[in-house]
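# Analysis of the macromolecular model
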Amino acid sequence: MNKVEYDNMVNLLIKVTDGRLLQWTEIEDGYSTTIGKCKMSLSSIYDTDVNINEYNLQLFNSEGRNFESFSCNESDEEYPLLDKLYSSVRDSIFHIKESEKNIMDNLEAMAKKIPVDDDLPF
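Bear in mind the structure is a predicted one, so any value in this text is a computation, not a measurement.

## A few points about the nonpolar core
Judged by nonpolar contacts, the single largest core of 21 residues is most densely connected at M9, V10, W24, L57, L82 and L85. Elements supplying a minimum of two residues to this core: α1 (3-18), β3 (38-47), β4 (52-60), β5 (66-73) and α2 (79-94). No other element matches α2, which puts six residues into this core. Every residue in contact with L57, bar those within four places of it in the chain, is listed here: Y6, M9, V10, M40, S41, L42, E68, S69, F70 and L82.

## Digging into the sheet that holds strand β1 (residues 25-27)
Spatial ordering of the open sheet is given by β1-β2-β3-β4-β5, a layout of five strands whose pairing is antiparallel. Of all strands in the sheet, those bounded by a partner on one side alone are β1 and β5. Strand-to-strand twist of the sheet, defined as the mean angle between neighbouring strand axes without regard to direction, takes the value 25 degrees. Bridge count for strand β2 (residues 30-35) against β3 is six bridges, and the pairing is antiparallel. Counted as the bridge partner of I35 is C38 from β3. Taken strand by strand, α1 contacts β2, β3, β4 and β5, and its axis lies near 95 degrees from that of β4.

Criteria and cut-off values
- Residues numbered from 1 in each chain as written.
- Predicted model: local features only at pLDDT ≥ 70, side-chain atom pairs only at ≥ 80, totals over all residues.
- Heavy atoms only, no water.
- Core = buried A, V, L, I, M, F, W, Y, C linked by side-chain atoms within 4.5 Å.
- Buried < 20%, exposed > 50% of the residue type's maximum accessible area, 1.4 Å probe, protein only.
- Helix = DSSP H or I, 4+ residues; strand = E, 2+ residues; numbered from the N terminus.
- Contact = heavy atoms within 4.5 Å.
- Pairing = 2+ DSSP bridges.
- Axes fitted to C-alpha atoms, helices over the stretch in contact; angles between N-to-C directions.

Structure, rendered in structure tokens:
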């Protein structure tokens, strides 16, 4: 897979994940999904020796055999794309954006109920 195909694949993964068309499940060190007959996994590893985060995207054929792996860390050019995919996957599982909006909406509604103290001391 060349860089253009790789970028296209990851961008499509982000698009269908954000559109809630692709279901991901939690696994021991990340997330996995199945597209057609092929499995895919995305993991995040924090290397404490060098204080750097790394993503690993693995592709498996219909027989479950790994045929391609893409790894990158924060210093790699490809990192922002996998970071965006990882965030999209987490959001699709945990409903982060919806939950944050719900929390903020409710806090703002509660704050509006606080009486305004218009009594000036002078």
